[in-house]
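# Summary of structural features
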Amino acid sequence: MINLSVNLNKVALLRNSRNFGIPSVIKAASTCIQAGAHGITVHPRPDERHIKSKDVYELAEMLTVEFNIEGNPSSQFLNIIREVKPTQCTLVPDAPDAFTSDHGWDLATNGFWLKPIIQELKELGIRVSLFLDTDLTQIELAKEIGADRIELYTEPYATAFRKDDVESVFQKYQQAAKKAQEIGLGVNAGHDLNLQNLEKFCSIPNILEVSIGHALVADALDIGLFNAVKEYLKILSTN
Ligand code: PXP
């Protein structure tokens, strides 16, 4: 079974378009947990346009499943991580004004300053994952600087799947996951995964976790959040 961590950013985005707290991020987390989700993911950005730091602390108080906090390790972000001590911290190289995360780390350039951060987070008992493209050299560097896991950025896979021209791109993900596993890194994945493209992606052996937000919340508009989580879990349970 591959774990599902539901990304609640889009629930917060909708909540932030009014000032009276609906839909509730906490209620959404609770529904996801009741439906069987293995984790909750949030990506607090500096402008707080979706998840706010207050949400992160409130979720930390109530969660009974794994908490994955994603983000670029600015001092503001790291202060939250030090206080909340989530199960997992996924470090992402997104600029403060990024529309959404759109590439993995270049560790040849950034590895030297990420390494002590990774070490500190691991000493706090936090599992550290690095958001990466399918570049095999980057995967080796992730191991060298101490990451526990990588999260493969799956937007290129999702786009190729949509265009019905996925095989060569999919092979890159297979090779990247294999390489990571061979050198002792756990493999997570996320971005633009959905009910159509998830099954094929999950045929890659030993993926540990997928984090899914946008498509799952969109599906929830049709079938409800509880049922949407169940539909994703159904696919993940076959692997
Ligand atoms: N992983 C990372 C690092 C992300 O930034 C996001 C989007 O916030 C996701 C996974 C989830 O992507 P999606 O919302 O497209 O499912």
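As shown above, the structure is provided for reference.
Residues numbered from 1 in each chain as written. Predicted model: local features only at pLDDT ≥ 70, side-chain atom pairs only at ≥ 80, totals over all residues. Heavy atoms only, no water.

### Notes on the overall build of the protein
Of regular secondary structure, the protein possesses 11 helices and eight strands. Radius of gyration (C-alpha) of the protein: 17 Å, near the 18 Å computed for a compact globule of 239 residues. Each of the three principal axes of the protein carries a C-alpha extent, and together these read 45 × 40 × 30 Å. Counting over 239 residues, the protein shows a buried share of 52%. Considering only contacts in the protein between residues 6 or more positions apart, those separated by 24 or more positions represent 67%. (Helix = DSSP H or I, 4+ residues; strand = E, 2+ residues; numbered from the N terminus. Rg over C-alpha atoms; globule rule 2.2 N^0.38 Å. Buried < 20%, exposed > 50% of the residue type's maximum accessible area, 1.4 Å probe, protein only. Contact = heavy atoms within 4.5 Å.)

### Considerations on helix α10 (residues 214-223)
The set of residues buried in α10 consists of Ala 215, Leu 216, Val 217, Asp 219 and Ala 220. On its buried side, α10 packs onto β1 (3-7), α1 (9-15), β8 (209-212) and α11 (225-236). Where α10 terminates, the next one or two residues include Gly 224, which has phi positive at roughly 90°.

### Topic: the site of the ligand
As a structural note, the neighbourhood of the ligand is formed by 15 residues, with Ser 101, Glu 151, Asp 192, Gly 213 and His 214 the closest of them. In this structure, His 43 approaches the ligand through a side-chain N or O atom, which is 3.2 Å from an oxygen atom. Notes on the ligand: free accessible area 390 Å², of which the protein chains cover 96%. (Near = heavy atom within 4 Å. Polar contact = N/O pair within 3.5 Å; in protein donor to acceptor, adjacent residues only side chain to side chain. Areas by Shrake-Rupley, 256 points an atom, 1.4 Å probe, with all protein chains shown as cover.)

### Digging into the sheet that holds strand β5 (residues 127-132)
Taken together, eight strands build a closed barrel; the order of strands is β1-β2-β3-β4-β5-β6-β7-β8 and the barrel is parallel. When the angles between neighbouring strand axes are averaged without regard to direction, this sheet yields 25°. Together, β6 (149-153) and β7 (186-190) form the strand contacts of helix α8 (residues 167-182), whose direction differs from that of β6 by roughly 175°. (Pairing = 2+ DSSP bridges. Axes fitted to C-alpha atoms, helices over the stretch in contact; angles between N-to-C directions.)

### Details of the pairing of β1
Along a regular strand, successive side chains alternate from one face of the sheet to the other. Counting buried positions along β1 gives four out of five residues, so the element sits mostly inside the fold. In this structure, β1 lies alongside strand β2 (residues 39-42), joined through three bridges in parallel fashion. Counterpart to Asn 7 in the pairing with β2 is Thr 41.

### Regarding the packing of helix α6 (residues 136-144) against α8
It is at 10 Å that the axes of α6 and α8 come closest, and there the two elements cross at 25°. It follows from the interaxial angle that α6 and α8 lie roughly parallel. The chirality of how α6 crosses α8 is right-handed. Across from Leu 136, Ile 139 and Glu 140 in α6, the residues of α8 making contact are Gln 175, Ala 176, Lys 179 and Ala 180. Of the residues in the contact of α6 with α8, the class split is four nonpolar, one polar and two charged. (Parallel < 35°, antiparallel > 145°, perpendicular 65-115°, else oblique. Left-handed = near helix turned anticlockwise from the far one by under 90°. Nonpolar A, V, L, I, M, F, W, Y, C, P; charged D, E, K, R; others polar.)

### Let's talk about the pattern of salt bridges
Here the structure, examined in full by the defined rule, presents 12 salt bridges. Of the charged contacts, one joins Arg 49 and Asp 47 as a salt bridge, the two residues approaching to 3.0 Å between their closest N and O atoms. A residue is classified by how much of its surface remains accessible, and Asp 47, at 43% relative accessible area, is partly exposed. Its salt-bridge partner being Arg 127, residue Glu 209 comes within 3.9 Å of it at the nearest N-O pair. Here the residue Glu 209 occupies a position in strand β8, and Arg 127 occupies one in strand β5, the gap between them amounting to 82 residues. Of the two residues, Glu 209 and Arg 127, neither departs from the other in class, the shared state being buried. Here the salt bridges share partners, and the residues they tie into one network are Glu 66, Arg 127 and Glu 209. (Salt bridge = Lys/Arg side-chain N within 4 Å of Asp/Glu carboxyl O.)

### Quick look at the packing of aromatic side chains
In this structure the tally under the stated criterion is seven aromatic pairs. Taken together, a centroid distance of 5.1 Å and an interplanar angle of 65° make the contact between Tyr 157 and Phe 201 edge-to-face. Pair noted here: Tyr 157 is in helix α7 (residues 155-162) and Phe 201 is in helix α9 (residues 198-201), with a separation of 44 residues, a long-range link. By the burial criterion, Tyr 157 is buried, and Phe 201 matches it. Connected via pairs of aromatic rings, a cluster forms that spans Tyr 157, Phe 161, Phe 170, Tyr 173 and Phe 201. (Phe/Tyr/Trp six-rings, centres within 6.5 Å; stacked < 30°, edge-to-face > 60°.)

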